[in-house]
Amino acid sequence: MPHERRRPAQDRPSAPPQAPDGARLPLLSDCGNCFGLCCVALPFARSADFALDKEAGRPCPNLQADFRCGVHRDLRQRGFSGCTVFECFGAGQKISQVTFEGKDWRSAPETARPMFDAFAVMRQLHELLWYLTEAVALPECRPVHDELRAALEETEGLTRGTAEELAGLDVAAHRGAVNVLLLRVGELVRAKVPGRRKERRGADLMGARLKGADLRGANLRGAYLIAADLRGADLRSAEMIGADLRDADLRGADLTGSVFLTQAQVNAARGDATTRLPGGLRRPAHW
């Protein structure tokens, strides 16, 4: 009988989709209910982020029999900082416990390839759910609320498909359609900020000195902010979708009200207790 590993009912998040602090529980990783999918399905390349090479579909040597990481407490010290910044948006537990109904790839090897293929698609769908869930709650988005709600319901419906249906989905086309709406959301949110708003979409701001900068309502979609100095910067109502924040210094920065900021982006940056984050995002343990 395939091994089934579920958290006891009393320990699982209950029905409400949001925790008291605003965290979107189903859209954040829950490794206790996942079969280590990111540790198997995804490839690693030896670099500053990973201490070894690993091909897709091969388990990381640190993955234990119970699907937990054997070096979780020391990932950064052991050269696996890339693992500490990854976020699956809840796709891992969705695939493990819903799509495959608790059957794991070790006890049922025939599920391995379909599970890993479905995981790659599910992660993209759950990322879209993160953005859409945020957008429908924004008062500025009332003009497109019906379209956003429809896109949210459609995307959620796609996540309930079978492994075969997920693997066969044209996820790029779906992302493209949703992105049209998300662009409109960004415009609506930034329009409420008075004055001239900075347009830095896709800008190369690697290592930029932006300490204390007024970036309220800025369009930072897809901007390269790697190792940028954003200490004390005002990023309220800034659009952050796809912005690369690896090693960006966010100490003292104000990101409240910024839109489309994800846990993965926050994990990749550097911050401290004075960094102000939007509701629903966790302060990383390594800050």
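The sections below set out a description of the structure shown in this document. All of these numbers come straight from a predicted model, not from anything done at the bench.

**Some points on the packing of aromatic side chains**
- With the rule as written, the count across this model stands at 6 aromatic pairs.
- Their ring planes at 50 degrees and their centres at 5.2 Å tell us that Phe35 and Phe67 sit as a pair that is tilted. In this pair, Phe35 sits in the segment before helix H1 (81-85) while Phe67 sits in the segment before H1, placing the two residues 32 residues apart along the sequence.
- Ring geometry for Phe67 against Trp105: centres 5.6 Å apart, planes inclined by 70 degrees, an arrangement best described as edge-to-face. Remark: Trp105 occurs in the loop between helix H2 (91-99) and helix H3 (112-136) and Phe67 occurs in the segment before H1; sequence separation between them is 38 residues.

**Considering the pattern of salt bridges**
- Applying the stated criterion across every chain, the model contains 19 salt bridges.
- A salt bridge links Asp229 to Arg231; its shortest N-O distance comes to 2.7 Å.
- Residue class for Asp229 comes out buried when judged on its relative accessible area of 18%.
- With a relative accessible area of 29%, Arg231 lands in the partly exposed category.
- Overlapping salt bridges, with partners in common, bring together Asp214, Arg216, Asp234, Arg236, Asp254 and Arg276 in one network.

**Overview of the environment of Pro43**
- As for its position among the elements, Pro43 is in the segment before H1.
- When the C-alpha positions of Pro43 and Ala91 are compared, they lie 17 Å apart, and in sequence the two are 48 residues distant.
- Setting aside chain neighbours within four positions, we find Pro43 in contact with Lys54, Glu55 and Ala56.

**Overview of the nonpolar core**
- Ranked by size, the top nonpolar core spans 52 residues in total, and within it Leu148, Val185, Leu220, Leu225 and Leu230 carry the most contacts.
- Of all the secondary structure elements, the ones that give two or more residues to this core are H3, helix H4 (145-159) and helix H6 (171-190).
- It is H3 that contributes the most residues to this core, 7 residues altogether.
- The residues touching Leu225, leaving out its near neighbours within four places in the chain, are Leu205, Leu210, Leu220, Leu230, Ala243, Asp244, Leu245, Arg246 and Ala248.
- Phe80, Phe116, Val121 and Leu166 belong to the second largest nonpolar core, which has 31 residues in total.

**Thoughts on the packing of H3 against H4**
- Their axes nearest at 9 Å, the elements H3 and H4 cross at an angle of 155 degrees. Here H4 runs roughly antiparallel to H3, going by the angle between their axes. The handedness of the crossing between H3 and H4 comes out as left-handed. Mapping the contact onto sequence places Met122, Leu125, His126, Leu128, Leu129, Leu132, Thr133, Ala135 and Val136 in H3 and His145, Leu148, Arg149, Ala151, Leu152, Thr155, Glu156, Leu158 and Thr159 in H4.
- Here the residues of the contact of H3 with H4 sort into 11 nonpolar, 5 polar and 2 charged.

What counts and how
Residues numbered from 1 in each chain as written. Predicted model: local features only at pLDDT ≥ 70, side-chain atom pairs only at ≥ 80, totals over all residues. Heavy atoms only, no water. Phe/Tyr/Trp six-rings, centres within 6.5 Å; stacked < 30°, edge-to-face > 60°. Helix = DSSP H or I, 4+ residues; strand = E, 2+ residues; numbered from the N terminus. Salt bridge = Lys/Arg side-chain N within 4 Å of Asp/Glu carboxyl O. Buried < 20%, exposed > 50% of the residue type's maximum accessible area, 1.4 Å probe, protein only. Contact = heavy atoms within 4.5 Å. Core = buried A, V, L, I, M, F, W, Y, C linked by side-chain atoms within 4.5 Å. Axes fitted to C-alpha atoms, helices over the stretch in contact; angles between N-to-C directions. Parallel < 35°, antiparallel > 145°, perpendicular 65-115°, else oblique. Left-handed = near helix turned anticlockwise from the far one by under 90°. Nonpolar A, V, L, I, M, F, W, Y, C, P; charged D, E, K, R; others polar.

Remember that the coordinates give geometry; whether it matters functionally is a separate question.
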